[in-house]
Each structure stands twice: as structure tokens, then as C-alpha cells.
Amino acid sequence: MKNMKPVNLSTQFLLFFIPVAGYYAWYRIGKLWSGFFLNLALGLTVIPLFVFPNMFLYQNFLFLSISIVGFTIKIYFLVKWSKQHNERCENDKEN
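All values reported here derive from a predicted model rather than from experimental measurement.

Undergrad: Would you take a moment to explain helix α3 (residues 32-44) for this structure?
TA: In an α-helix, one turn spans 3.6 residues, which is why side chains three or four residues apart end up on the same side. Helix length check: α3, at 13 residues, gives a terminal C-alpha distance of 18 Å against a target of 18 Å (1.5 Å per residue), a fit within 8%. Buried residues of α3: Gly35, Leu38, Asn39 and Leu42, and no others. Projection of α3 onto a plane perpendicular to its axis shows the buried side chains occupying an angular sector of 100°, all on one side.

Undergrad: Please explain the side chain of Lys74 as it appears in this structure.
TA: On the secondary structure map, Lys74 appears in helix α5 (residues 56-94). Glu87 provides the closest opposite charge to the buried, unpaired Lys74, separated from it by 24 Å.

What counts, and where the lines are drawn
- Residues numbered from 1 in each chain as written.
- Predicted model: local features only at pLDDT ≥ 70, side-chain atom pairs only at ≥ 80, totals over all residues.
- Heavy atoms only, no water.
- Helix = DSSP H or I, 4+ residues; strand = E, 2+ residues; numbered from the N terminus.
- Expected span 1.5 Å × (residues − 1).
- Buried < 20%, exposed > 50% of the residue type's maximum accessible area, 1.4 Å probe, protein only.
- Arc of directions from axis to C-beta.
- Lys, Arg positive; Asp, Glu negative; His and termini not counted.
- Salt bridge = Lys/Arg side-chain N within 4 Å of Asp/Glu carboxyl O.

So, in C-alpha cells, the structure goes:
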């Protein structure tokens, strides 16, 4: 990518928590497809909760647990890749 600009992590967090704007956070660091597939993969982990209704007593707890773990994983990668993006921007400025 030419003319890459560093991203502010606070702005990335804000965009991440706005449902549709979260994809713009991934786009800004050049990881739109990675972010899309990460969201898809973690979103699909809740499907077994609805396929097996016998787990109804545990469904709310499991859904909450999976959601928290999913958000944590997505935030980890967003921060990691945003920092890498900013490092690439700094390296490009120096060269």
C-alpha cells in the first residue's frame, strides 16, 4: 500500500465497537478480509448452541462466554495488526 498513514488505537477501538464501522477499522490497516473471516469464524462458534436445544440451561452462559472470548480475540488481533501497521508506516517514512 502506498501512502499508508498511521492509525490511532483509540480510534480503532471506537470503530471496532460500532457494528458496521468495525470493518472500516480493519480496512484502515489493510486487513479487511482477515477481519471479516475472523468475525465470521468466531460468529459461527455460537451455532452449536442453537443446534443442540438440550443445552438450553447452559445456553446463556455459553453464549456470553463465547462472545467475551471472541471479542477478546478480535481486539487482540486488531491491536497487534494496528501496531504492525504503524511500524510499517514509520519504516516507510525513514526510507
